[in-house]
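Examination of the molecular architecture
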2 protein chains.
Amino acid sequence: MNFNPTARILMGPGPSDAHPRVLRAMAAPLMGHLDPEFVRMMDEVKAMTQQTLLTENHLTFVVSAPGSAGMETCLVNLLEPGDECIICINGVFGGRMADIADRCGATVHKVEVEWGQIIEPADLKKALDKCPAPKLVALVHAETSTGALQPMEEISEMVHDAGALLVVDAVTSYCGVPLKVDEWKIDALYSGTQKCLSAPPGLSPVTFSDAAVKTLENRKTKVQSWFLDLSMVKNYWAGAKRAYHHTAPVSSVYAIHQALSLVLEEGLEKRWARHREVHLYLRGKLENLGFRYLVDEAHRLPNLNSVFLPEGLDEAKLRRQLLDDYNIEVGGGLGAFAGKIWRIGIMGESCTKNHVNMLVGALEELI
Amino acid sequence: MNFNPTARILMGPGPSDAHPRVLRAMAAPLMGHLDPEFVRMMDEVKAMTQQTLLTENHLTFVVSAPGSAGMETCLVNLLEPGDECIICINGVFGGRMADIADRCGATVHKVEVEWGQIIEPADLKKALDKCPAPKLVALVHAETSTGALQPMEEISEMVHDAGALLVVDAVTSYCGVPLKVDEWKIDALYSGTQKCLSAPPGLSPVTFSDAAVKTLENRKTKVQSWFLDLSMVKNYWAGAKRAYHHTAPVSSVYAIHQALSLVLEEGLEKRWARHREVHLYLRGKLENLGFRYLVDEAHRLPNLNSVFLPEGLDEAKLRRQLLDDYNIEVGGGLGAFAGKIWRIGIMGESCTKNHVNMLVGALEELI
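Residues numbered from 1 in each chain as written. Chains lettered and ligands numbered in written order. Predicted model: local features only at pLDDT ≥ 70, side-chain atom pairs only at ≥ 80, totals over all residues. Heavy atoms only, no water.

Under the annotation held in an unreviewed UniProt entry, chain A carries the name Alanine--glyoxylate aminotransferase and is attributed to Flavilitoribacter nigricans. According to its UniProt record, chain A has this under Sequence similarities (unreviewed entry): "Belongs to the class-V pyridoxal-phosphate-dependent aminotransferase family." (UniProt positions renumbered as here; feature names shortened; annotations may be inferred.)

This is the structure:
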């Protein structure tokens, strides 16, 4: 049975278009996951992940599963039953973190704000008044369900003043907007590959600070997930002798190696600027068509544009027409915003003025 | 930075060589994981997984992570804190199941036999005498660490007579030796893609019987892993409306689709016969060279040949020479057998007389 996928233009919340070099990398013959040549390549992946995350964290690696597993990796390794934590929720993914923390047996204190808003320092302060010494505070840098971009520095200071670890979801911000792990003192961070990195989905870059590693080492109980237990995984990614833990997804690692190379060839700051520039180009055209942004301009993620449609349009029908007639994918809303907004991604290889013009041209025809 | 992997001949415990059609499939452009065209393709993957597992189980799907995550999926969904279970251990992977079951908070009764042996019905009977009504009994069909092939039918009857669910690791048997999920009344089974299926590592085919699904539905507690929680995952793979859970590894699903197609084109029974035939061909040549099998002939896995080397050879040095001078990968021993045995895989695309001749020819030079 053959499957010859239609060539789509991917402008949803991910996956975004992959560079031909990334796709070609996956067609290379397989190697053993303990082959010395493969291990050297993993070292390069680690080094490039550190460079793109702006961190020197020794425990920087790639989880062999998608971003949600990266989220779970950070939380299950740091939380133990009875621990107290604060989880900030301003969309789907903050809610998912709270669900996972609860499954770890932790007492979860939620900071909840309206979807589309950011977490203000005052919101966190209220939570810290009730729970002054949490083990960790988790929040989402770029909320993929709303397109809100969270300022990190003031929050980070408050978290560390409380003696807590700062855990950050950077799935949709990584390689698209400024993200500075060491400067912002982030202790545990996970991302995905299929957003601004423009690799296929399936892996999750993760980094742990020394303080987070220490917390891991001081656990009293076993990590509840064997597959995600970093006390073992780290021996494969960072041990002197690469101890077998599980079989790494060889072809996907080839792909992320190539995608990271492309980011560094372009340069991180240029890449951030490109996302900003194409966002402004898209924004003008969308507003002309009557689309209205969900998130205030000050906290708007440039690479994921969450917009209300002009009055009277059937969003599902229009989205299907874009896909069927133009092969363009945009995303619908999630949760409270299902049926109400679109999420238009301009991420990585999908972040070009050509993409914007294809989308806007099609919309001008269809509306 | 480029990575151009050396073309290896993969004859270890996996990954095995992938067919060019499988590699090419991954180079196809990405699609959205909710694209109707991708969803139709997932339906085909599901149908082909059912066909190759010889099951009609409705809940048959592919975990978005390697075999170890498939193992964890089966156990965390079926076990709750306080449950009693019996885990049979005759190698690394039975031990791993016991570790995971323990992390689920279950009381684990171990049946332990010498590595390289199979689990005899009498061994299980002793455990059932001590724990007459376990929630599940888990064992390994093909122990990748030793090359032992476990007979299933009598064990299955005993497990069901005890009212328990039968959980099976079929990572290394799937698509290489007879494996009959419905006929053998297996309730939960996981496999891998990088063995006899000859796809890249990174996914885990899993199937749950109706009884296992009922156990899942009757849980009193949440599944401890969010990422592997089948009460949610099944809505993406089998729900009427494909609800978003996590982003599927699109390119890896392309690959398994193509690999499954190749299995069905060849025919399951012919594929089993091919593994048997090439095994006999290899066996004769290995024994001529002085290699000695670890496992008794009656319970020997044809596709993974665990052998002691002829006296006086440095296994690590010889293995490295094979890799460096001939680009041939064979596997070393795990755990108790590290430094003592080789594991020679003839799986999927690596299961040809040409592969055997390359290996044996190289060994004749090197020894």
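Having put the structure on the table, let's press on.
Throughout the structure, instances matching the rule amount to 32 salt bridges over all chains. A salt bridge links A:Arg8 to B:Asp35, with the nearest nitrogen and oxygen atoms 2.6 Å apart. Pair noted here: A:Arg8 is in the segment before strand 1 (9–11) and B:Asp35 is in the loop between helix 1 (20–26) and helix 2 (36–53), and the two residues belong to different chains. When its relative accessible area of 10% is taken as the criterion, A:Arg8 is described as buried. Here A:Arg103 and A:Asp99 are joined by a salt bridge, their closest N and O atoms 2.8 Å apart. Taken as a pair, A:Arg103 and A:Asp99 lie in helix 4 (residues 92–103) at a separation of 4 residues, close to a single helical turn. (Salt bridge = Lys/Arg side-chain N within 4 Å of Asp/Glu carboxyl O. Helix = DSSP H or I, 4+ residues; strand = E, 2+ residues; numbered from the N terminus. Buried < 20%, exposed > 50% of the residue type's maximum accessible area, 1.4 Å probe, protein only.)

A few words now on the sheet that holds strand 2 (residues 59–63) of chain A. Residues and elements named next belong to chain A. With respect to topology, 7 strands assemble into an open sheet ordered 2-10-9-8-5-3-4, the strand pairing being mixed. Each edge of the open sheet carries a strand with a single partner, namely strand 2 and strand 4 (107–112). Each neighbouring strand pair of the sheet contributes to a mean axis angle of 15°, computed without reference to strand direction. Relative to strand 8 (residues 165–169), strand 5 (residues 136–140) runs parallel, the two being bridged by 5 bridges. Looking across to strand 8, one finds that Leu136 is bridged to Leu165. Those strands touched by helix 5 (residues 121–130) are strand 3 (84–89), strand 4 and strand 5, and its axis lies near 155° from that of strand 3. (Pairing = 2+ DSSP bridges. Axes fitted to C-alpha atoms, helices over the stretch in contact; angles between N-to-C directions. Contact = heavy atoms within 4.5 Å.)

Turning to the interface of chain A and chain B, a few remarks are in order. In this complex, chain A contributes 70 residues to the contact, which on the side of chain B involves 70 residues. Taken together, the connections running from chain A to chain B amount to 10 salt bridges. For B:Lys222, the salt bridge goes to A:Asp99, with nearest N and O atoms at 3.0 Å. Between the two partners, chain A and chain B, sit 23 residue pairs in polar contact (both at pLDDT 80 or more). With 8 residues, helix 9 (residues 250–266) of chain A is the largest single contributor of residues to the side of chain A that touches chain B. Of the residues assigned to the side of chain A that touches chain B, the class counts are 35 nonpolar, 21 polar and 14 charged. (Polar contact = N/O pair within 3.5 Å; in protein donor to acceptor, adjacent residues only side chain to side chain. Nonpolar A, V, L, I, M, F, W, Y, C, P; charged D, E, K, R; others polar.)

Our next topic: the UniProt feature "modified residue: N6-(pyridoxal phosphate)lysine" (unreviewed entry) in chain A. All names here are of chain A. According to UniProt, the feature "modified residue: N6-(pyridoxal phosphate)lysine" (unreviewed entry) maps to Lys195 in the numbering used here. Topologically, Lys195 is positioned in the loop between strand 9 (188–190) and strand 10 (204–208). You can call Lys195 buried: its relative accessible area is 6%. When neighbours within four sequence positions are excluded, Lys195 is seen to be in contact with Pro13, Gly14, Ser16, Thr144, Val171, Thr172, Met347 and Gly348.

This part is about the packing of aromatic side chains. Counted under the stated rule, the structure contains 10 aromatic pairs over all chains. Consider the rings of A:Phe308 and A:Phe337, whose centres lie 6.3 Å apart with planes at 75°: the pair is edge-to-face. Note that A:Phe308 is positioned in strand 12 (residues 304–308) and A:Phe337 in the loop between strand 13 (328–332) and strand 14 (341–345), a separation of 29 residues in sequence. Residue classification places A:Phe337 among the buried positions, given a relative accessible area of 11%. Cluster of aromatic residues (ring-pair linked, three or more members): A:Phe3, B:Phe38 and B:Tyr254. One residue, B:Arg300, lies across the ring of B:Tyr293, its end atom 4.1 Å from the ring centre. (Phe/Tyr/Trp six-rings, centres within 6.5 Å; stacked < 30°, edge-to-face > 60°. Lys NZ or Arg CZ within 6 Å of the ring centre and 35° of its normal.)

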